[in-house]
Amino acid sequence: MFARELTLFFIAMGFFTRIPMPAWVQVDSERLNQASRYFALVGVMVGGICALVYGLSTKVLPSNIAILMAMLTGLLLTGGFHEDGLADTADGFGGGWRVQDKLTIMKDSRVGTYGVLALVMSLLFKFVLLSEIALFDGDLVMAALVVGHCLSRLLAASLIFTETYVRDDDTSKSKPLAQSQTLNELGILLLTGIVTLWLSGIASALSLCLVLLAVRQLLVRGYRRQIGGYTGDVLGATQQVSELVCYLFILVISL
C-alpha cells in the first residue's frame, strides 16, 4: 500500500514539476487519474521550497528581492507549467469566437497579446501582494506561499471531479492529463488542504475556504460558457487565479 501511494505521489510530482520521477515509476492513464489525489500535496512541496528560499534570502537580501527569488524558484520547479496554461487560456478565450476556435488557439505553442498581458499582470500582481504581506509579517509570506500553492492546486484539481474534459489527448500539445476523479481522490485532496490550512495558522481559514468556493463557482460558470468544460490549460489558469486570490485574502485580513 505504501509503495503504491508513493508511486502515485511521484507521478503527481513528475506531472506538476520538473523534478524527475524515479526510474522505477510506471505511468499509465489509470495511475495518472489516481495521482490527482496528491496534486495539493505537490503544491505543499513546491510552496514549502519557495518559502524556504524566501526565508533564507531575507537573511541577506531585502524582502522584495527575496520574494523575487521565491517566485523564480517556483517557476524553475514547475517549468512555468501553470503560467503556460494561463497564457493559453487567455489567448483562447480572448481571441476565439467559436468553441473550436478557442481550443485551436489554446493548442498553439505561440503566445499572443492576451496571453502576454495575462502573464505580466499575474506575475506583477503576485509580487505586489507578497511584498505588501511582507510589510506586515515576513513569516506570513512563508505561510502564504505554502497555502497558496496548496489550495490553488486543490481547487484546480477539483474541476476534474465535476467538469467535462473537452479535448482528446491526441490533439493536445501538452502532457497527458487526469480526466477522471473518484470521491477517494477528491477526499484526499480536501484533507490535504484542510490540514495544510490548519497548520499554517492563517486567520479566518473558514472565510478563505468560502471565498475560494465562490471563485471556483465563477470560474466554472465561465469555463462552461466558453468551451463547455475544462482542458489542461484551463486547470493551469485556475491554479494561477486561485493562488492570487489566496494572497489577496491573506493581505486583506492582515490590514
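Cut-offs applied
Residues numbered from 1 in each chain as written. Predicted model: local features only at pLDDT ≥ 70, side-chain atom pairs only at ≥ 80, totals over all residues. Heavy atoms only, no water. UniProt positions renumbered as here; feature names shortened; annotations may be inferred. Helix = DSSP H or I, 4+ residues; strand = E, 2+ residues; numbered from the N terminus. Buried < 20%, exposed > 50% of the residue type's maximum accessible area, 1.4 Å probe, protein only. Lys, Arg positive; Asp, Glu negative; His and termini not counted. Salt bridge = Lys/Arg side-chain N within 4 Å of Asp/Glu carboxyl O. Contact = heavy atoms within 4.5 Å. Expected span 1.5 Å × (residues − 1). Polar contact = N/O pair within 3.5 Å; in protein donor to acceptor, adjacent residues only side chain to side chain. Core = buried A, V, L, I, M, F, W, Y, C linked by side-chain atoms within 4.5 Å. 1 Å grid on protein atoms, 1.4 Å probe; cavity = no way out; pocket = protein on both sides within 12 Å on 5 of 7 lines; lining within 4 Å. Points joined across faces, edges and corners; volume = space filled by probe spheres on them. Nonpolar A, V, L, I, M, F, W, Y, C, P; charged D, E, K, R; others polar. Axes fitted to C-alpha atoms, helices over the stretch in contact; angles between N-to-C directions. Left-handed = near helix turned anticlockwise from the far one by under 90°. Arc of directions from axis to C-beta. Patch = residues over 30% accessible without salt bridge, like charges linked within 9 Å, V, L, I, M, F, W, Y side chains within 5 Å. Areas by Shrake-Rupley, 256 points an atom, 1.4 Å probe, with all protein chains shown as cover.

Under the annotation held in an unreviewed UniProt entry, the protein chain carries the name Adenosylcobinamide-GDP ribazoletransferase and is attributed to Shewanella marisflavi. Looking at the protein chain in UniProt, the text filed under Sequence similarities (unreviewed entry) is "Belongs to the CobS family." Database annotation for the protein chain, UniProt heading Function (unreviewed entry): "Joins adenosylcobinamide-GDP and alpha-ribazole to generate adenosylcobalamin (Ado-cobalamin). Also synthesizes adenosylcobalamin 5'-phosphate from adenosylcobinamide-GDP and alpha-ribazole 5'-phosphate."

Student: Got a minute to help me understand the side chain of arginine 153 in this structure?
Tutor: Within the element layout of this structure, arginine 153 appears in helix H8 (residues 138-162). No salt bridge is formed by the buried arginine 153; its nearest oppositely charged neighbour, glutamate 243, is found at 5.2 Å. What arginine 153 contacts, discounting residues up to four positions off in sequence, is Phe39, Ala40, Gly43, Val46, Thr78, His82 and Gln239.

Student: It is not clear to me how helix H11 (residues 232-254) should be interpreted in this structure. Could you clarify?
Tutor: The periodicity of an α-helix, 3.6 residues per turn, causes residues three or four positions apart to be oriented the same way. End to end, H11 covers 34 Å across 23 residues, agreeing with the expected 33 Å (1.5 Å per residue, within 8%). Across the 23 residues of H11, 17 count as buried, placing the element largely inside the fold. The opening residue of H11, the one whose side-chain oxygen lies 3.3 Å from the backbone nitrogen of aspartate 233, is threonine 231.

Student: What should I look at first to understand the side chain of threonine 7 in this one?
Tutor: Tracing the backbone shows threonine 7 in helix H1 (residues 2-16). With near-sequence residues (within four places) excluded, threonine 7 lies in contact with Trp24, Val25 and Arg31.

Student: Which parts of the structure should I look at to understand the nonpolar core?
Tutor: Burial of nonpolar side chains together is a common tendency in soluble globular proteins. Phe39, Tyr54, Ile133, Leu145, Leu151 and Leu208 are the most contacted members of the largest nonpolar core, which has 69 residues in total. Per-element accounting of this core gives the leading share, 14 residues, to H8. Beyond its immediate chain neighbours, meaning those up to four positions away, leucine 151 contacts Gly193, Leu197, Leu208, Leu212 and Cys246.

Student: Even after reading the chapter, I still don't get the UniProt feature "transmembrane region" (unreviewed entry) in the protein chain, so can you show me in this structure?
Tutor: In this numbering, the UniProt entry assigns the feature "transmembrane region" (unreviewed entry) to residues 35-56, 63-81, 111-129, 141-166 and 186-215. Within the segment residues 35-56, helix and strand shares are 86% and 0% respectively, and the terminal C-alpha atoms sit 31 Å apart.

Student: Whenever I open this one, empty space enclosed by the protein confuses me. Can you help?
Tutor: The rolling of a water-molecule-sized probe over the atoms marks out the regions of remaining empty space. This structure, assessed with the given rule, holds two cavities of 30 Å³ or more. If you add up the space inside the largest cavity, you get close to 130 Å³. The wall of the largest cavity is formed by 17 residues, among which Met71, Gly74, Glu83, Lys126 and His149 lie closest to the centre. Mapped onto the lining of the largest cavity, the elements with two or more residues apiece are helix H4 (63-78), helix H5 (81-95), helix H7 (113-136), H8 and H11. Taken together, the residues of the lining of the largest cavity break down into seven nonpolar, six polar and four charged. A volume near 110 Å³ is recorded for the second largest cavity.

Student: I would appreciate a short explanation of the packing of H1 against helix H3 (residues 39-57) in the present structure.
Tutor: In a packed pair of helices, the relevant descriptors are the angle between the two axes and the axis-to-axis distance. Two numbers describe how H1 lies on H3: the axes approach to 9 Å, and their chain directions differ by 65°. The two elements H1 and H3 cross, and the hand of that crossing is right-handed. Seen from H1, the contacting residues are Phe9, Ala12, Met13, Phe15 and Phe16; seen from H3, they are Phe39, Leu41, Val42 and Met45. Classifying every residue of the contact of H1 with H3 by side-chain character gives nine nonpolar, no polar and no charged.

Student: Would you mind going over H4 with me for this structure?
Tutor: The end-to-end C-alpha distance of H4, which contains 16 residues, comes to 23 Å, matching closely the 22 Å that a straight helix rising 1.5 Å per residue would cover. Those residues of H4 that sit buried are Ala66, Ile67, Ala70, Met71, Thr73, Gly74, Leu77 and Thr78. Looking straight down H4, one finds its buried side chains confined to an arc of 155°; they lie on one side. Buried residues belonging to H4 abut H1, H3, H5, H7 and H8. One or two residues past the end of H4 sits glycine 79, with phi positive at roughly 70°.

Student: What exactly am I supposed to notice about a nonpolar patch on the surface here?
Tutor: A surface patch of nonpolar side chains, about 500 Å² in accessible area, is lined by Val111, Val116, Val120, Met121, Leu124 and Val128. With respect to the helices and strands, the residue valine 111 is situated in the loop between helix H6 (99-107) and H7. Overall, the relative accessible area of 42% leaves valine 111 in the partly exposed class.

Student: Mind showing me how you'd approach the pattern of salt bridges here?
Tutor: When their charged atoms lie close together, side chains carrying opposite charge are able to pair. Applying the stated criterion to the full structure yields eight salt bridges. Linking arginine 37 and glutamate 5 is a salt bridge whose minimum nitrogen-to-oxygen distance equals 3.2 Å. Here glutamate 5 lies in helix H1 and arginine 37 lies in the loop between helix H2 (29-35) and H3, a separation of 32 residues in the sequence. Arginine 37 gets classed as buried once you look at its relative accessible area, which sits at 3%.

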